[in-house]
Amino acid sequence: MTSGGDDLQSPKKRKHDAVGKPKSLAKGGDDGKKRKRPSDANVARGGGGDVKKQPVTAKEKRLAAKEMAESRKKKRKQNYSLEKELTVLWEKMRCHNVSKGERSKLVSEALRKMDGKYLEITGSHVTARVLQTCVKWCSQSERDAIFEALQPDLLILSRKKYAVFLVKKLIKLATKKQFEWFISTLHGCVAKLLRHTIGASVVDCAYQRATQPQKRRLLLELYSTELQLFTDLTAQKTHSLLETISNLGLQKSSVLQYMTTVIHPILEKGIVEYPIVHTALLEYFTIADKTSASDVIRQLIPLLTQGSSIIDGDEPSAAPELQNKMKAKKKRLPEPLLVQIMNTREGLKIGICCLKHGSVKDRKKIIKSLKGHIMKLALSDYGCILLISILSIVDDTKLVTKVVIQELAKHLKQLIFDKNGRRPLLQLLHPLCSSYLPPADLACLNYRVPSLISKDEAPESTAEVMMENRVDVATNKEQDGSEGLQSANDSKKDPLQRRKELLMKSELAEALIQTCVENVGELLRTNFGKDVLQEIAVGGKDNVLEGMTDRIHSLHNAIASDAARPKTEDTEHAFDNYHSSRVIRKLVLESPAFAAILWKESLEGKCETWADGHSSKVAAAFLESSDSKVRKLAEPELQPLIDRGILKIPDHKTMGK
């Protein structure tokens, strides 16, 4: 036995010592009955007048539970009484029918109660919201006092769940001096905050309000460690990452390495909905080698397609790091992130980049994720460009018809009259026409990652970028593992064949012509509707509507019938209207068949009536036509009018309008 045996006893000895000792009584007494609580005993004896009466009815029990909850909250929350008072004031000040003076008094009273406790108040979801409302409606002097009180702790509050909304409100309403101070405070913290799921929204809020020099200061911190350490370097007036590397003499390999360490954690956490992240990614692509660029694209595609509905039994894709969270929540986003980021040109470029350089499977996943959101995209400034890219790139016309075309076909009239909605339709009829797409949108459609373009396909505009990436591409030719990636030019199907399948096989062309015939008068006289009408009436570029001659002929008759109507005070005549006169003139120049119908229906014997104003352009178009039959048809009646000086042939500048 070891020393200390008096303290340590064997099991047998403990059992032996226990013999003869009385057993402990059961709970509640000798007979095992439940022991009465002292309060119950006192009540039973009729004594203890100070003892509280136990609740009996359901209402009494509810009131008792409420009182107990209140007492617990008072013990747990330091400012519980203040919170209740502020809540009462908040309910009054946020009403819409409160007068400006009354609201000002309520705000001042709430701020007086919160004075000196702003930092503590921001931690509660109730009082933080009260303070946010006060910041919105208070005077500038009161707002300055709040900003000054919270100024040392703004970066800490930017990471707090409830205080972050207050910080963003202060940023939006800050004076120029205060905002400049906040931008300088962010120096050295931009990358850290962007990796934080809550703090990233504060950086984005500041980025959206910032001026161009301030935006560059925020972005430059994501490029290199040197730019984080030295404030003077961020003051350089450089625009792109390549210019920054050249002007500051940075090493491209070190910048690429640092940006990779910044971007990958952001992608792993799925924080890709902010424009500052999109801009950083686009700059990263300008210096990234083939391996780095393809890795980022592979990470982006699952993130952008999250939250979409499952189609044909396909499982929703998600980054490996987010799968556990999605299983736990079992909630889907109302719309995929790809739809949400279509509010900026940078977000559009990211979407087009993933579509062009993703594999066939990735393209299928992207298109399926857009089901149910096609109309929202079609009517937005940048979403319609994404749809144009899909219609121009994807070879799987059956899938595009099922997801995109069928949804567009249900709302043709709305799309034709809308500035953005008509563009996907015009892309099928006349692809990449500068009359319908501005240069900035055409540049987005042509955007590709430089390192993922083969040397034969590289456009002249990216020649310098390709020269800088040439070594990296050659180095990673065999080990990048990106054989699944492809560019827009890798689409195997002929563009004309793809357009015919999307228009003819889906019966979209038939529906378009029918819609134009039914609304011909309104389409002729509107700025946007006339473009779709004109492209259909001439059969589309490359005669894409070949085989529908009879239906197009019926559209010609409908236009001519509208133009043959007599003048009325209610509706402006087609020849007198600015938009319709120019559309009809173009149709006369481009379609001899339409010119013959229009002449017989509307102009023959009436040319002198239409020899001035907007209508004179229509009459003169017959003599300007390249078709000799059209000229011979109108010369006998129009030439005398020219000789008499009644009708004038417009010059080339006027003809181009």
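Residues numbered from 1 in each chain as written. Predicted model: local features only at pLDDT ≥ 70, side-chain atom pairs only at ≥ 80, totals over all residues. Heavy atoms only, no water.

Before going further, it helps to examine the environment of Thr397. If you trace the backbone, Thr397 turns up in helix H26 (residues 397-409). Sequence-wise, Thr397 and Lys500 are 103 residues apart; in three dimensions their C-alpha atoms are separated by 9.9 Å. (Helix = DSSP H or I, 4+ residues; strand = E, 2+ residues; numbered from the N terminus.)

This part covers unusual backbone geometry. The general pattern is negative phi for most residues beyond glycine and trans for most peptide bonds. One non-glycine residue, Asp542, lies in the positive phi region at around 60°. By secondary structure assignment, the location of Asp542 is in the loop between helix H34 (529-537) and helix H35 (549-563). Asp542 gets classed as partly exposed once you look at its relative accessible area, which sits at 49%. Look at Asn543: it is not a glycine, yet its phi comes out positive at around 55°. Mapping Asn543 onto the fold places it in the loop between H34 and H35. (Buried < 20%, exposed > 50% of the residue type's maximum accessible area, 1.4 Å probe, protein only.)

Our next topic: the packing of helix H37 (residues 592-603) against helix H39 (residues 628-643). The relative placement of two packed helices comes down to the angle between their axes together with the axis-to-axis distance. Interhelical geometry of H37 versus H39 gives an angle of 30° and a closest axis separation of 9 Å. If you check the angle between H37 and H39, you find them roughly parallel. Read as a crossing pair, H37 and H39 show a hand that is left-handed. Every residue of H39 that contacts H37 at Pro592, Ala595, Ala596, Trp599 and Leu603 is listed here: Val630, Leu633, Ala634, Glu637 and Leu638. Of the residues belonging to the contact of H37 with H39, the class tally is nine nonpolar, no polar and one charged. (Axes fitted to C-alpha atoms, helices over the stretch in contact; angles between N-to-C directions. Parallel < 35°, antiparallel > 145°, perpendicular 65-115°, else oblique. Left-handed = near helix turned anticlockwise from the far one by under 90°. Contact = heavy atoms within 4.5 Å. Nonpolar A, V, L, I, M, F, W, Y, C, P; charged D, E, K, R; others polar.)

Here the focus is helix H22 (residues 345-357). Helical geometry: 3.6 residues make up each α-helical turn, so side chains three or four residues apart lie on a common side. Spanning 13 residues, H22 covers 18 Å between terminal C-alpha atoms, matching the ideal 18 Å at 1.5 Å per step. Where burial is concerned, most of H22 is hidden: 10 out of the 13 residues are buried. If you check which residues of H22 are buried, you get Gly347, Leu348, Ile350, Gly351, Ile352, Cys353, Cys354, Leu355, Lys356 and His357. Considering only its buried residues, H22 is in contact with helix H18 (275-287), helix H19 (290-304), helix H21 (337-340), helix H23 (360-369), helix H25 (383-393) and helix H29 (439-445). (Expected span 1.5 Å × (residues − 1).)

Mapping Glu346 onto the fold places it in helix H22. Accessibility expressed as a relative area gives 30% for Glu346, which makes it partly exposed. Along the primary structure Glu346 and Ala280 are separated by 66 residues, whereas in three dimensions their C-alpha atoms are 9.6 Å apart. Residues in contact with Glu346, not counting those within four places in the same chain, are His278, Thr279 and Leu282.

Further remarks concern the confidence of the model for the protein chain. Confidence in the prediction for the protein chain averages 82 pLDDT; 79% of positions are at 70 or higher. In this model, residues 459-489 is a region of pLDDT below 50 whose contacts with residues beyond four sequence positions or in other chains number 52 contacts. Here residues 652-657 is modelled with pLDDT under 50, and outside its nearest four sequence neighbours on either side it reaches six contacts, counting other chains as well. (pLDDT = per-residue confidence, 0-100.)

Turning next to the environment of Gly613. Following the sequence through the fold, Gly613 ends up in the loop between H37 and helix H38 (615-624). The exposure class of Gly613 is exposed, given its relative accessible area of 54%.

Next up on the list: the side chain of Asp204. By the secondary structure assignment, Asp204 is in helix H13 (residues 199-209). One buried charged residue, Asp204, remains without a salt bridge, the closest side chain of opposite sign being Lys168 at 7.1 Å. Here the side chain of Asp204 touches Gln208 through a polar contact of 2.9 Å, side chain to side chain. Excluding residues within four positions of it along the chain, Asp204 makes contact with Tyr274, Pro275 and Ile276. (Lys, Arg positive; Asp, Glu negative; His and termini not counted. Salt bridge = Lys/Arg side-chain N within 4 Å of Asp/Glu carboxyl O. Polar contact = N/O pair within 3.5 Å; in protein donor to acceptor, adjacent residues only side chain to side chain.)

Attention now moves to the nonpolar core. Met114, Phe285, Ile559, Ile584, Leu598, Phe622 and Leu638 are the most contacted members of the largest nonpolar core, which has 181 residues in total. Beyond its immediate stretch of four places on either side in the chain, Leu598 contacts Ala560, Ala563, Phe575, Ile584, Val588, Leu603, Val618 and Phe622. (Core = buried A, V, L, I, M, F, W, Y, C linked by side-chain atoms within 4.5 Å.)

What follows concerns the packing of aromatic side chains. Considering all chains together, one arrives at four aromatic pairs under this definition. When the ring of Tyr284 is compared with that of Phe285, the centres are 6.4 Å apart and the planes differ by 55°; the resulting orientation is tilted. Taken individually, Tyr284 and Phe285 each receive the classification buried, so the pair is uniform in this respect. A cation over a ring is seen here: Arg103 above Trp137, with NZ or CZ 4.2 Å from the ring centre. (Phe/Tyr/Trp six-rings, centres within 6.5 Å; stacked < 30°, edge-to-face > 60°. Lys NZ or Arg CZ within 6 Å of the ring centre and 35° of its normal.)

With that out of the way, let us pick up the pattern of salt bridges. Taken as a whole and judged by the stated rule, the model has 19 salt bridges. Linking Arg585 and Glu624 is a salt bridge whose minimum nitrogen-to-oxygen distance equals 3.2 Å. A residue pair is termed long-range when its members are at least 10 positions apart, and Arg585 in helix H36 (residues 578-590) and Glu624 in helix H38 qualify at 39 residues. Overlapping salt bridges bring together Arg345, Arg423 and Asp441 as one network.

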